[in-house]
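One-letter residues, chain by chain:
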Amino acid sequence: MNKKFCNDFAKNPNHNNSTKLLVEVSGNNSVDLPITIRNRGLHLIGHSNSNTTITLDPDLYVIQLHRPDGREQSQLVELEKGQVKKIKMSLSYQSDNIKDRSITLSTNIKERSGDTLNTRSGEQVILAIPKRVEFNLLEKSFASIKVKLEENVNYTQSPARNPNLDWVYGNIEIVENVQQNQQEIHEKPWGCLVRILQFDGSMWAISDHGIDKAVIHSETIADVSQTTLKFKASNQLQVLEVRKPQGESTHLVLPLSSNSLYEECTVKLWDSGNDFQIICDFTNSSRASLVLDYLSNGSYDFAANITGNAEDMLYSKIKNPVEAALGGYVLLRIGDIERLHNWPSNLCEWFPKIADGAIIAAELAARKNKNIKAFDLFLEASQRGLPMFREGLSILVARLRSYTLYDKKLNISSSKRKKLQSAYKLLAEIALFSDNNLALLSFKEASLVSQDAAELGWQFIIPSQLKQQGIDLSTVPVLFQGESDV
Amino acid sequence: MSIWHTEPIYATRSKPCTNVLIFGTSNYSNLPDTQPSNDPNLLGLTSITTPAISAYRFAKWVKETYQNKDAPLGSIRLLLSPSQKEINNEPELAHFNLPLPTKDNIETALNEWRQDCCVHRDGCAILYAAGHGIRLLNDSGIVLLEDFGEVGANILSGAIDIGNIHQAMALDRAAKNQFYFVDACAIEPAVFRNYINMRTGINLDVMRGEAVEGSPIFFGAAPETLALGEPGKGTLFIQALLRCLNCDAAVADDVNNPAHWLVNTQELFRKLLSGVNELAQSFGDKQSVVLGGLSADSLFHQLKDPPQIPLSVSVLPKTADQYAHYQLTSLFTNNVVDDQQPFQTPRTTHVIPGVYKINLIMETGSNFTDGVMPALIVMPPSVKAEVQL
């Protein structure tokens, strides 16, 4: 029951007097999006794509655009005999919720007297304070907040070289707890540390490529700091590691550079204070971006349609193994292995640094009962660092687990068995903490570098709230004497 | 083991049919009712109050409503361990003499179900499991059984891994369409980090075989998250699942039979994903359904009649409703399907999918002009329309 996308599905088209429809989608430049054509009773007439002329009988139709964000947009179209009609649908979306569109940031002016901070806003205070300082609420009204700053005797300074680690940038919000008839202080620390790790073919190390100029844009919307970072892509596998100064790391595998594509890689970092999110933007491949969008809302059928013919994708777009790998995963997931032909083997051989090619080739071999070949390819994949996509890690770990637990008939040599066990140990841990909401592989907790390197190579991303406040880090409010070395 | 329900087609074995295995555990014989035990092997768990009733509701839906023209319903195996709260809410549960979902009972039922599923390649297999859940890998879904936590047993002795069952069911002779529902949490207890290797008590051999055409696994919760439940109403997953099967995920996508409304894998997942999350958000929480396995777009269910879509129409300004005569007309049949005077806003009508016209004819002298919405497309799951006068 796979969706067959066809361009022309009129039952009895009158070619002399044919009625045609072309659906254009604004807000999407290069990739055709899936549409469904239904009659007025909403019964299926057929599937097609935008920017494709469709021949239909004259009638009333409902055109359903399947948007990459998971929503559907429908439009009623009346076609008269002989008419060639063009309709435009838009991908832009205006929220019904006024809050979604409002941009708010509380700004306030602080006055300090001794160890007391007094603000002229009754809602929140934005500041930077050393972590060895704690504060207690003295007074709160609609007009002001008065906070007493005291030394936190329980705080131990970290041995970190980066002085930013000892500071908290953020806001303090005073909230009325009506039930308990008291006021609570909510702290939201801002700012993240980032660094790049690189796989040299055998192990992970901290990249010596500086990321000093990585920040290309930052702004604050609805109290969330949004920072755009741009990294020079490498033909070595790279992982971006991000963490809050006082929190755990999140790793994101960056798409590999290949020939002219992915020279740069854009990552968006949303910092809401207590938490953050990172998403890699496929700015050089709108097709890959769209496939990822469809996958993220569970639309494997539409993702498969967007990937098109996977074989063509490899041969004609040989510079883009990222798109090819993505297409391969989609076809594996929907079980359409006929469309894979032999190209996964080529993807595996031509791009020896990409684990994804080896995983797709291995999975294809496994499904064709070529178990020895499959095992060797899975083992090969596990030696290539990490796959770019979560789907790849999921397949790889599941198969390695099967080999370690169940299959003793493969006559695995002791050296291969050793490799298998150590690869499975690391990859299973990463898989356990991988982010299921992202298609690109992202994970927490598991560490790729040794404990000795835990505090090395970090760059602090200055929260945009501070910039918006006009606060220069070199003149950040000094709340305690002698605490000026930020 | 006795089967809870069979249809005549099951006995003849001459035609492909759907065989269903459903189990839900709320009451665990080795777990405390309320306060968690300090025993690390019990993972800090207690008995719970929604999986058994959820499993029962799914079984009831399959028995009364499930329809699949290629593989009609054949058999339902049902194993339940309800809590007293669930029996109070659903007294029927006390009247069935159902086997408990213990390790031994599930193993027996599973083997029998697997044999039934291997009679016809064109058949369909459905497995629904609810209870405490653990997830160690992406396509694993470990569900704890009624006798989990026996003293001296391996930690997962009383557990089943649905991921293993899914793999083991990929047989050349097995039903080519299979559906798995894991209505359980997907957490990894900290104590598991001390283990080098753990095996679930029920573990089927995985054979080399061709993959089936479609065998999606619908996991009720994303890794490291909880599957939520609402006492009396069942898990959020089952609430959303039944809504999807009855209406929200229905599409008229059978080109050969345009009047048929079907539920297939892709649409079911899309609507389940949003449905469960919306329910969780209404409780101030989050829950994400995850799709695993082989997710080819297979037919799961065919509705007997077109779904009934709740269409809510309101008028602005609200004070105008008392002067309005409201008519809802189908553009497909030209029939007036709803007519109300005076109009009370908002008005919710259940209608079949289609294109409708809304007319609001205002009383003379009311100072409001008539309102018209010439073409409103009504599709599952629901539509809200606002007419500005």
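For the structure, see preceding data.
Residues numbered from 1 in each chain as written. Chains lettered and ligands numbered in written order. Predicted model: local features only at pLDDT ≥ 70, side-chain atom pairs only at ≥ 80, totals over all residues. Heavy atoms only, no water.

1. Topic: the overall build of chain A
As a reminder, the rule being used: Here a helix means four or more residues in a row that DSSP labels H or I, a strand means two or more in a row labelled E, and each is numbered from the N terminus. Residue exposure (1.4 Å probe, protein chains only): buried if accessible area is under 20% of the type maximum, exposed if over 50%, otherwise partly exposed. Contacts are residue-level and defined by heavy atoms, with any inter-residue pair within 4.5 Å sufficient. Method for areas: the Shrake-Rupley scheme with a 1.4 Å probe, in which residue coverage is limited to the protein chains shown.
Looking only at helices and strands, chain A has eleven helices and 24 strands in total. Counting the 486 residues in chain A, one finds 53% classified as buried. Here the contacts in chain A between residues at least 6 apart in sequence split such that 63% fall between residues at least 24 apart. Here chain A has roughly 22,500 Å² of accessible surface; of this, 45% comes from carbon and sulfur atoms.

2. A short note on the pattern of salt bridges
The line we're drawing: Only one rule defines a salt bridge in this text: a Lys or Arg side-chain nitrogen within 4 Å of an Asp or Glu carboxyl oxygen.
According to the stated counting rule, one finds 23 salt bridges over all chains in the structure shown. Note that Arg38(A) is salt-bridged to Asp253(B), the shortest N-O span being 2.8 Å. Here Arg38(A), found in strand S2 (residues 34-39), pairs with Asp253(B), found in the loop between helix H7 (236-248) and strand S12 (261-264), and the two come from separate chains. You can call Arg38(A) buried: its relative accessible area is 4%. Between Lys271(B) and Glu267(B) there is a salt bridge, with its nearest N and O atoms 2.6 Å apart. Here Lys271(B) pairs with Glu267(B), and both are found in helix H8 (residues 265-282), just four residues apart, close to one helical turn.

3. Notes on the pairing of strand S5 (residues 59-66) of chain A
Residue and element names in this part refer to chain A. For clarity, the cut-off: In short, DSSP must find at least two bridges between two strands for them to pair.
With respect to burial, S5 is a largely interior element, seven of its eight residues being buried. Pairing of S2 with S5 involves five bridges; the strand directions are antiparallel. Opposite Asn-39, over in S5, you have Tyr-61 as the bridge partner. By the bridge criterion, eight bridges tie S5 to strand S6 (residues 72-79) in an arrangement that is antiparallel. Among the inter-strand pairings, Leu-65 is bridged to a residue of S6, identified as Gln-73. Following S5, the chain reverses through five residues before pairing antiparallel with S6; Gly-70 in that reversal takes a positive phi of roughly 95°.

4. Some points on the sheet that holds strand S21 (residues 383-388) of chain B
Residues and elements named next belong to chain B. The condition is simple: Here the axes come from fitting lines to C-alpha atoms, over the contacting stretch only for helices, and the angles between their N-to-C directions go from 0 to 180 degrees.
The strand order across the open sheet formed by three strands is S18-S15-S21, and the pairing between neighbours is mixed. Both outer strands of the open sheet, strand S18 (347-351) and S21, are each paired with one neighbouring strand and no more. Mean inter-strand twist for the sheet, computed between neighbouring axes without regard to direction, equals 25°.

5. As for the interface of chain B and chain A
Quoted interface sizes are often the accessible area lost when the parts come together. The condition that has to hold: In short, buried area is how much 1.4 Å probe accessible area vanishes from two parts on joining, totalled over both. Only Asp, Glu, Lys and Arg are considered charged in this grouping, and only Ala, Val, Leu, Ile, Met, Phe, Trp, Tyr, Cys and Pro are considered nonpolar; every other residue, Gly among them, is considered polar.
Residue-level contacts link 51 residues of chain B with 48 residues of chain A. Buried surface at the junction of chain B and chain A, summed over both partners, amounts to about 4,100 Å²; 54% is from carbon and sulfur atoms. Run the count over chain B and chain A and you get two salt bridges. Looking at the side of chain B that touches chain A, the elements with two or more residues in it are helix H6 (162-168), S12, H8, strand S13 (290-294), strand S19 (354-362) and strand S20 (371-378) of chain B. Taken together, the residues of the side of chain B that touches chain A break down into 26 nonpolar, 14 polar and eleven charged.

6. Some details on the sheet that holds S2(A)
Residues and elements named next belong to chain A. Reading across from one edge, S3-S2-S5-S6 is the order of the four strands in this open sheet, with antiparallel pairing throughout. Every other strand in the sheet has two partners, leaving strand S3 (44-49) and S6 as the edge strands with one partner each. Strand-to-strand twist of the sheet, defined as the mean angle between neighbouring strand axes without regard to direction, takes the value 25°.

7. Thoughts on helix H2 (residues 286-296) of chain A
All names here are of chain A. Burial in H2 covers these residues: Ala-288, Ser-289, Leu-290, Val-291, Leu-292, Tyr-294 and Leu-295. The inward-facing, buried residues of H2 abut S2, S5, helix H3 (300-307) and helix H5 (321-334). Where H2 terminates, the next one or two residues include Gly-298, which has phi positive at roughly 85°.

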